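# Understanding the architecture of this molecule
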Amino acid sequence: MKEKGKVFIVSAPSGSGKSTLVAELLKRLPDLVFSVSYTTREPRGKEKDGVEYFFVSDETFKKMIEEEQFVEYAKVFDQYYGTARRFVEQVLAEGKDLLLDIDTEGASQVKEKLPDAVSIFIMPPSFEALQTRLEKRRLDSDETILKRLRWASQVEIHRFSSYDYVIINEDLAASIDRLRCIICAERCRRERMTQRIESIIKNFGGV
Ligand code: 5GP
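Below: a short report on this structure. Quantities reported herein were computed from a predicted structural model and do not represent experimental measurements.

## Here's the deal with the packing of aromatic side chains
Both the distance between ring centres and the angle between the ring planes are used here to describe each pair of aromatic rings. Going through the model one piece at a time under the given rule, you end up with 10 aromatic pairs. Measuring from centroid to centroid gives 5.2 Å for F121 and Y163, while their planes differ by 65°, and the two rings are edge-to-face. Residue F121 is located in strand β8 (residues 118–123), and its partner Y163 is located in the loop between α6 (142–154) and β9 (165–168); the two are separated by 42 residues in the primary sequence. Judged by relative accessible area, which is 10%, Y163 ranks as buried. Of the aromatic side chains, those joined through ring pairs into one cluster are Y38, F54, F61, F70, Y73 and Y80. Its guanidinium or amino end placed over the ring of F77, R148 lies 4.5 Å from that ring's centre, counting from NZ or CZ.

Shown next as structure tokens:
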């Protein structure tokens, strides 16, 4: 039987550089599967349905909630976001590792249901850094930026304490490296190696 895969959760306040980090990580670890979430928000820029998200209506999302199709879901800045249960179960059963880029509320729901999941919090190095990043990416109105900054400083950054790992995202290259190291280390855990080790021990025989 195949060893089950592991769930890695990455959360960060909006504007922390998490999307870039995740995209770079996936390039370096092609065997890590990204969980494409469902959302009711509109696509931004060049986003494509089924790539960054599955874009669905409010009605469809609510129906999926009723049918218990989500491992977790949350309302983030007035829009619904959720992780498909079937996809998670399928990927893990295939022995592959799965990356969830989800908010802090969703992360705590996943941790409750899958206590073995490894959670990583991406922390902006300062309030000013977060503000500058949000302003520079020119995706949001001033009002939305203010809302995101308030939510980050009053709620999100304080939730770091329930995560297994924290990365302070000062330097992109260093942060990618840390993220990769965390995943590599988790993959080397003894429990994760049991099946392979058993076959090696068998191969040694009783000489
Ligand atoms: P954005 O709209 O900027 O892509 O994402 C907004 C927030 O929603 C981010 O913090 C992102 O991590 C979070 N998010 C994306 N997908 C999911 C999901 O499936 N579940 C939850 N709980 N949050 C999500």
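## Some words on the site of the ligand
Around the ligand there are 15 residues in total, and K18, S37, R41, Y53 and Y81 lie nearest to it. D101 is positioned such that a nitrogen or oxygen atom in its side chain is 2.7 Å from an oxygen atom of the ligand. A distance of 2.7 Å is found between a nitrogen atom of the ligand and a side-chain nitrogen or oxygen belonging to D103. Counting residues per element, the ones that place at least two in the shell around the ligand are β5 (70–76) and β6 (79–84).

## Quick look at the environment of K62
Looking at the secondary structure, you find K62 in helix α2 (residues 58–66). Of the residues examined, K62 reaches a relative accessible area of 41% and is grouped as partly exposed. K62 sits 38 residues away from E24 along the chain, and the two C-alpha atoms are 33 Å apart.

## Observations concerning the pattern of salt bridges
Under the defined criterion, the tally for this structure stands at 14 salt bridges. Residue D97 is joined to R192 by a salt bridge in which the shortest nitrogen-to-oxygen separation is 3.1 Å. Residue D97 is found in strand β7 (residues 97–101), and its partner R192 is found in helix α8 (residues 190–204); the two are separated by 95 residues along the sequence. The salt bridge involving D177 is made with R180; its shortest N-O contact spans 3.1 Å. Of this pair, D177 and R180 both sit in helix α7 (residues 172–187), 3 residues apart, which is roughly one turn of the helix. Residue class for D177 comes out partly exposed when judged on its relative accessible area of 39%.

## Observations concerning the packing of helix α5 (residues 127–136) against α6
At a closest axis distance of 10 Å, the pairing of α5 and α6 adopts a crossing angle of 150°. Taken together, the axes of α5 and α6 are roughly antiparallel relative to one another. The handedness of the crossing between α5 and α6 comes out as right-handed. Counted together, F127, L130, Q131, L134 and E135 of α5 and I145, R148, L149, A152 and S153 of α6 form the full contact between these two elements.

## Re the environment of L134
Locating L134 in the fold gives a position in helix α5. Considering only alpha carbons, one finds L134 and P13, 121 residues apart in sequence, at a separation of 10 Å. If we skip the residues at most four places from it in the chain, L134 touches S14, G15, D140, I145, R148 and L149.

Reading guide: rules and limits
- Residues numbered from 1 in each chain as written.
- Predicted model: local features only at pLDDT ≥ 70, side-chain atom pairs only at ≥ 80, totals over all residues.
- Heavy atoms only, no water.
- Phe/Tyr/Trp six-rings, centres within 6.5 Å; stacked < 30°, edge-to-face > 60°.
- Helix = DSSP H or I, 4+ residues; strand = E, 2+ residues; numbered from the N terminus.
- Buried < 20%, exposed > 50% of the residue type's maximum accessible area, 1.4 Å probe, protein only.
- Lys NZ or Arg CZ within 6 Å of the ring centre and 35° of its normal.
- Near = heavy atom within 4 Å.
- Polar contact = N/O pair within 3.5 Å; in protein donor to acceptor, adjacent residues only side chain to side chain.
- Salt bridge = Lys/Arg side-chain N within 4 Å of Asp/Glu carboxyl O.
- Axes fitted to C-alpha atoms, helices over the stretch in contact; angles between N-to-C directions.
- Parallel < 35°, antiparallel > 145°, perpendicular 65-115°, else oblique.
- Left-handed = near helix turned anticlockwise from the far one by under 90°.
- Contact = heavy atoms within 4.5 Å.

These figures capture arrangement, not role.
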